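# Commentary on secondary and tertiary structure
As a plain string of letters, each chain reads:
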Amino acid sequence: SAVISQKPSRDICQRGTSLTIQCQVDSQVTMMFWYRQQPGQSLTLIATANQGSEATYESGFVIDKFPISRPNLTFSTLTVSNMSPEDSSIYLCSVEGGLEGANEQFFGPGTRLTVL
Amino acid sequence: SQKIEQNSEALNIQEGKTATLTCNYTNYSPAYLQWYRQDPGRGPVFLLLIRENEKEKRKERLKVTFDTTLKQSLFHITASQPADSATYLCAHSNDYKLSFGAGTTVTVRA
């Protein structure tokens, strides 16, 4: 299993500003995933980040709003740009792993973002 | 596209009873379904997965079934304890990406 840490754990931001969230994994992984979990909702995949290539974004998410970096095999960042109150969510990163070989994922603790 | 539906938003049960959660899928039968547990303020934790050709899988007090005729997976927590109180998420994998259901919040009363 992988151990994943995220920074910051929470933040309160003003609208129009940007926040960069860091995700660190204790082992090298090919793919890292970024999810959003809006209040009372389930997880929605934002994008998949591979080292050495552009992130792949899901429908409804764009690079200008959620730029992602993946400089090496253990680290990734997600930036939430030009924030509005609708961006208030928990942002989670995850990696594949597990013994079943069926895309089981390990998740970080999440970053709780509140936009005023 | 595939859609995952978890029928109950909340389930309240007495300690010692069995909690049964439902996960339904539309369209094609997924190769496997995964179940996760999420506690407040934490990321989901992988619990179990069941493959299309498996009828049932167990892990300690947890049991998962897969019925391709009903397009449904059931997740059972037997001999439930207050510590089992959490939100349980069903997910299916499409290539390498996971799609999650809305989750069922289980509360076990002592």
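Relevant structure appears above.
So, here is what we can say about the structure in this document. Nothing here was measured: the structure is a model prediction, and the numbers come from that model.

### Considering the pattern of salt bridges
All names here are of chain B. Considering all chains together, one arrives at seven salt bridges over all chains under this definition. A salt bridge links K3 to E5, with the shortest nitrogen-to-oxygen separation between them at 3.9 Å. Across the pair E56 and R58 runs a salt bridge, and its minimum N-O distance is 2.9 Å.

### Thoughts on the interface of chain B and chain A
With 21 residues of chain B in contact, the opposing surface of chain A contributes 20 residues. A buried area of about 1600 Å², summed over both sides, lies between chain B and chain A, and 52% of it is on carbon and sulfur atoms. On inspection of chain B and its partner chain A, the count reaches one salt bridge. Between K97 of chain B and E58 of chain A there is a salt bridge, with the nearest N and O atoms lying 3.2 Å from each other.

### Side note on the side chain of R70 of chain A
Residue and element names in this part refer to chain A. Here R70 shows up in strand β7 (residues 68-72). A polar atom in the side chain of R70 sits 2.8 Å from the backbone oxygen of T30. Setting aside chain neighbours within four positions, we find R70 in contact with V29, T30, M31, M32, A49, N50, Q51, G52, F75 and S76.

### Let's talk about the sheet that holds strand β8 (residues 75-80) of chain A
Strand pairing in a sheet takes place through backbone hydrogen bonds and is either antiparallel or parallel in direction. Residues and elements named next belong to chain A. Sheet architecture is open: four strands sit in the order β1-β3-β8-β7, paired in antiparallel fashion. The open sheet has two edge strands, β1 (4-7) and β7, and neither has a second partner. Strand-to-strand twist of the sheet, defined as the mean angle between neighbouring strand axes without regard to direction, takes the value 15 degrees. Both β7 and β8 contribute to a ladder of three bridges, which runs antiparallel. Looking at β8, one finds that I68 is bridged to L78.

### Describing the environment of L89 of chain B
Looking at the secondary structure, you find L89 of chain B in strand β9 (residues 86-94). With 16 residues separating them in the primary sequence, L89 of chain B and T105 of chain B have C-alpha atoms 8.9 Å apart. Here L89 of chain B is in contact with S42 and L43 of chain A together with Q6, Q34, W35, Y36, Q38, P44, F100, G101, A102 and G103 of chain B, once residues within four sequence places are set aside.

### Quick look at the packing of aromatic side chains
Two aromatic rings are characterised by how far apart their centres lie and by the angle between their planes. As enumerated under the stated definition, the model contains 11 aromatic pairs over all chains in all. Consider the rings of F107 of chain A and Y36 of chain B, whose centres lie 6.0 Å apart with planes at 90 degrees: the pair is edge-to-face. Pair noted here: F107 of chain A is in strand β10 (residues 105-107) and Y36 of chain B is in strand β4 (residues 32-38), and the two residues belong to different chains. In this structure, F107 of chain A and Y36 of chain B share a single accessibility class: buried. Cluster of aromatic residues (ring-pair linked, three or more members): Y35 and F107 of chain A together with Y36, F46 and F100 of chain B.

### Topic: the side chain of S73 of chain B
Within the secondary structure, S73 of chain B sits in strand β8 (residues 72-77). By relative accessible area, S73 of chain B is classed as buried at 0%.

Conventions and cut-offs
Residues numbered from 1 in each chain as written. Chains lettered and ligands numbered in written order. Predicted model: local features only at pLDDT ≥ 70, side-chain atom pairs only at ≥ 80, totals over all residues. Heavy atoms only, no water. Salt bridge = Lys/Arg side-chain N within 4 Å of Asp/Glu carboxyl O. Contact = heavy atoms within 4.5 Å. Buried area = accessible area lost by both parts, 1.4 Å probe. Helix = DSSP H or I, 4+ residues; strand = E, 2+ residues; numbered from the N terminus. Polar contact = N/O pair within 3.5 Å; in protein donor to acceptor, adjacent residues only side chain to side chain. Pairing = 2+ DSSP bridges. Axes fitted to C-alpha atoms, helices over the stretch in contact; angles between N-to-C directions. Phe/Tyr/Trp six-rings, centres within 6.5 Å; stacked < 30°, edge-to-face > 60°. Buried < 20%, exposed > 50% of the residue type's maximum accessible area, 1.4 Å probe, protein only.

Function cannot be inferred from these measures alone, as they are strictly geometric.
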